[in-house]
Amino acid sequence: MSHRLTLRRPDDWHLHLRDGAVLAAVLPESARHFARAIVMPNLVPPVVTGAQASAYRQRIRAALPMGMDFTPLMTLYLTETTDPKDVKAAAKVGTITAVKLYPAGATTNSASGVRDFDRVRGVLETMAEIGLPLCVHGEVTDADIDIFDREAVFIDRVLDPIRRRTPGLRVVMEHITTRDGVDYVTSGGADIAGTITMHHLILNRNHILVGGIRPHYYCLPVAKREEHRLALRAAATSGDPSFFLGTDSAPHVDALKESACGCAGCFTATNTLSILAHVFEEEGALDRLEAFTSLNGPAFYRLPPNADSITLTKGDPVAYPAKIATADGPITVFDPGFPLLWRVAE
Ligand code: DOR
Ligand code: ZN
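Quick caveat, the model's predicted, so the values are computed rather than measured.

J.: Would you mind showing me how to read the site of ligand 1 here?
T.: Taken together, 13 residues lie around ligand 1, and Arg18, Asn42, Leu220, His252 and Ala264 are the ones closest in. The side chain of histidine 16 places a nitrogen or oxygen atom 3.3 Å from an oxygen atom of ligand 1. The protein chains hide 100% of the 290 Å² of surface that ligand 1 would expose on its own. According to the grid-proximity analysis, the pocket containing ligand 1 is the largest cavity.

J.: Got a minute to help me understand the coordination of the zinc ion (ligand 2) in this structure?
T.: Each donor-metal-donor angle would ideally measure 109.5 degrees in four-coordinate tetrahedral geometry, or 90 or 180 degrees in six-coordinate octahedral geometry. Distances from the zinc ion (ligand 2) to its protein donors, namely His14 (NE2), His16 (NE2) and Asp248 (OD), fall within the range 2.0 to 2.1 Å. Binding-site remark: the zinc ion (ligand 2) is held by donors from one chain whose sequence spacing is H-x1-H-x231-D. Here histidine 14 is found in strand 2 (residues 12–15), whereas its partner aspartate 248 is found in the loop between strand 9 (243–245) and helix 10 (254–257), with 234 residues between them in sequence. Overall, aspartate 248 belongs to the buried group, its relative accessible area being 6%.

J.: Explain the sheet that holds strand 10 (residues 309–314) here, please?
T.: Through backbone hydrogen bonds, the strands of a sheet pair up, either in parallel or in antiparallel fashion. Strand order in this open sheet of 3 strands is 1-10-13, and the pairing throughout is antiparallel. The sheet is open, and its two edges are formed by strand 1 (4–8) and strand 13 (342–344), each paired on a single side. Neighbour-to-neighbour, the strand axes of the sheet open up by a mean angle of 25°, direction not taken into account. Note that strand 10 and strand 13 share 3 bridges and pair antiparallel. Pairing of lysine 314 across the sheet is with tryptophan 342, part of strand 13. Contacts between helix 11 (residues 272–282) and the sheet are confined to strand 10 and strand 13, with strand 13 contributing the most and set at about 140° to the helix. The strands touched by helix 12 (residues 289–301) within the sheet are strand 1 and strand 10, with strand 1 carrying the most contacts at an inclination of about 25°.

J.: Even after reading the chapter, I still don't get unusual backbone geometry, so can you show me in this structure?
T.: Working note: non-glycine residues mostly have negative phi, and peptide bonds are mostly trans. In this structure, the amide linkage connecting valine 44 to the following residue, proline 45, adopts the cis form with an omega of -5°. Topologically, proline 45 is positioned in the loop between strand 3 (36–39) and helix 2 (50–63). Positive phi values are uncommon outside glycine, yet histidine 175 reaches one of about 35°. Summarising the element assignment, histidine 175 is placed in the loop between strand 7 (171–173) and helix 6 (179–186). Phi at aspartate 248 is positive, roughly 55°, even though this residue is not glycine.

J.: How should a negative patch on the surface be read in this particular structure?
T.: Together, Asp146, Asp149, Asp156, Asp180 and Asp183 line one region of the surface with negative charge. Residue position: aspartate 180 is located in helix 6. A relative accessible area of 34% means that aspartate 180 is categorised as partly exposed.

J.: Help me out: how do you make sense of the pattern of salt bridges in this one?
T.: Think of it this way: side chains of opposite charge can pair up when their charged atoms draw near. Taken as a whole and assessed by the stated rule, the structure comprises 18 salt bridges. With a shortest N-O distance of 3.7 Å, aspartate 116 and arginine 119 are connected by a salt bridge. On the accessibility criterion, arginine 119 (54% relative accessible area) is exposed. For aspartate 118, the salt bridge goes to arginine 165, with nearest N and O atoms at 3.6 Å.

J.: What should I look at first to understand helix 3 (residues 84–92) in this one?
T.: Within an α-helix, residues lying three or four positions from one another point in the same direction, as the helix has 3.6 residues per turn. Near the N-terminus of helix 3, the side chain that reaches the backbone nitrogen of lysine 85, with its oxygen 2.9 Å away, is that of aspartate 83. Positive backbone phi, approximately 80°, marks glycine 94, located one or two places after helix 3.

J.: Any chance you could explain the sheet that holds strand 3 here in plain terms?
T.: Across the sheet, which stays open at both edges, the 8 strands sit in the order 2-3-4-5-6-7-8-9 with parallel pairing between neighbours. What marks the edges here is a single partner per strand, and that holds for strand 2 and strand 9. Sheet twist, expressed as the average angle between the axes of neighbouring strands with direction ignored, equals 30°. Here strand 8 (residues 192–196) pairs with strand 9 via 3 bridges, running parallel. Paired with glycine 194 across the two strands is phenylalanine 243, which belongs to strand 9. In the packing of helix 2 onto the sheet, the strands contacted are strand 3, strand 4 (71–77) and strand 5 (96–101), and the crossing angle to strand 4 comes to about 150°. The strands touched by helix 3 within the sheet are strand 4 and strand 5, with strand 5 carrying the most contacts at an inclination of about 145°.

Analysis parameters
Residues numbered from 1 in each chain as written. Chains lettered and ligands numbered in written order. Predicted model: local features only at pLDDT ≥ 70, side-chain atom pairs only at ≥ 80, totals over all residues. Heavy atoms only, no water. Near = heavy atom within 4 Å. Polar contact = N/O pair within 3.5 Å; in protein donor to acceptor, adjacent residues only side chain to side chain. Areas by Shrake-Rupley, 256 points an atom, 1.4 Å probe, with all protein chains shown as cover. 1 Å grid on protein atoms, 1.4 Å probe; cavity = no way out; pocket = protein on both sides within 12 Å on 5 of 7 lines; lining within 4 Å. Sits in = over half its atoms within 2 Å of the grid points. Donors = N, O, S within 2.8 Å, 3.2 Å for Na, K, Ca; no water. Helix = DSSP H or I, 4+ residues; strand = E, 2+ residues; numbered from the N terminus. Buried < 20%, exposed > 50% of the residue type's maximum accessible area, 1.4 Å probe, protein only. Pairing = 2+ DSSP bridges. Axes fitted to C-alpha atoms, helices over the stretch in contact; angles between N-to-C directions. Contact = heavy atoms within 4.5 Å. Patch = residues over 30% accessible without salt bridge, like charges linked within 9 Å, V, L, I, M, F, W, Y side chains within 5 Å. Salt bridge = Lys/Arg side-chain N within 4 Å of Asp/Glu carboxyl O. Lys, Arg positive; Asp, Glu negative; His and termini not counted. Charge placed at Lys NZ, Arg CZ, Asp CG, Glu CD.

In structure tokens form, the structure reads like this:
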């Protein structure tokens, strides 16, 4: 068994960096290991225009510590009033890499999301024409749909109809959490891919609820039954180029997580790669880790893989901080519940 693994430098195809004090604190946690990330636009207020994406990118670059290298790939938050011309212009000059669809009310800061999908038809057609990917938060928000069914229902009621009437639209179904999501991506052809988080390879819904409620394991889409976790593990470790890593690392200060109405999101940037090496080794798929973290994502986004590499070594348990300090308060780092033996060599 090899105790050393060299990978092209990974990218994170779904990341929340926030702004201000939290941005400053969490950005180094991603930049230490990842070269690039698709940066989510769900700030308050959201990033809805090319000009706002450009300004946010500047704030991210300004927050990057000296000597660290990191490329933020920006996204626009799709609303019912998004202007197709603005999207096209921002894509053309390289300000944005994708557009993000949040159904209204689906998750953190999604109030400006889409209610009537007919109203975004023009934007989606423009995106299909220029090949700009649509990143999708795939959950319906209807009050009568059980939260554990929201992804499967979204595929049938929203995603599949959108794709049928917008031929050529390139879609990333983000943070898939179900066998239904895996099956839809697997059978969906070249224009659809799926990102998978590290934490959905670790957690099922029992981990959140059995023996006391664990707010730091609560995220959206919420972790599902064990059979779904196993389907995600099989997809991530399969080598199928349709699947790649999007951590959905989503920092919230502890006061907002450990609350009567706690925010959704797991902060995973710090230890994602150590945990993924553990998972892929358990699945006998260490030779497929690089495809998942470093090759399949760039291929779908039509970008070159990173030129440099990282090395993981296996040894004594890795020490990582339980919390990251920020000027707004501490943020708890994801605890996988087992010791981590794989470390990213400095
Ligand atoms: O758990 C989540 N947290 N899921 C999301 O979709 C949003 C994210 C956040 O912004 O905190
Ligand atoms: Zn997210």
